[in-house]
Amino acid sequence: MYKKSPVDIDELNVIAGDMVCLCLSDVSGIRAAHQAQLNTPELQVTLTRFAQQWGLTEQDLLLLIRK
């Protein structure tokens, strides 16, 4: 999925407003999860891994995925 990023992603040289590509299969569980579900080990590991890879906080990553 291509979308405008609501946040800067330094690791990808993306500035807020630039287009970014997300693979829906990579973030599908996170995208629709409620806060309680995000605390499950599987989703927490995925969220943390992506946030670290892209140099984002978990909150910024959630904003990117959900907005």
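To be clear, the structure that these remarks concern was listed above.
Residues numbered from 1 in each chain as written. Predicted model: local features only at pLDDT ≥ 70, side-chain atom pairs only at ≥ 80, totals over all residues. Heavy atoms only, no water.

Section: the packing of helix 1 (residues 24-31) against helix 3 (residues 41-54)
Now for step 1: Between helix 1 and helix 3, whose axes approach to 10 Å, the crossing angle comes to 125 degrees. Judged by the inter-axis angle, helix 1 sits oblique to helix 3. Considering how the two elements wind past one another, helix 1 and helix 3 form a crossing that is left-handed. Only Leu43, Thr46, Leu47 and Phe50 of helix 3 make contact with helix 1, whose side of the interface consists of Asp26, Val27, Gly29 and Ile30.
Now for step 2: Taken together, the residues of the contact of helix 1 with helix 3 sort by class into five nonpolar, two polar and one charged. (Axes fitted to C-alpha atoms, helices over the stretch in contact; angles between N-to-C directions. Helix = DSSP H or I, 4+ residues; strand = E, 2+ residues; numbered from the N terminus. Parallel < 35°, antiparallel > 145°, perpendicular 65-115°, else oblique. Left-handed = near helix turned anticlockwise from the far one by under 90°. Contact = heavy atoms within 4.5 Å. Nonpolar A, V, L, I, M, F, W, Y, C, P; charged D, E, K, R; others polar.)

What to know about the packing of aromatic side chains
Centre-to-centre distance and the angle between the planes together describe a pair of aromatic rings.
Now for step 1: Taken as a whole and judged by the stated rule, the model has one aromatic pair.
Now for step 2: The ring of Phe50 has Arg49 sitting right over it, with the charged end atom 5.0 Å from the ring centre. (Phe/Tyr/Trp six-rings, centres within 6.5 Å; stacked < 30°, edge-to-face > 60°. Lys NZ or Arg CZ within 6 Å of the ring centre and 35° of its normal.)

What to know about the environment of Val14
Now for step 1: Here Val14 lies in the loop between strand 1 (2-4) and strand 2 (19-21).
Now for step 2: Sequence spacing of Val14 and Lys4 is ten residues, and the spatial spacing of their C-alpha atoms is 9.7 Å.

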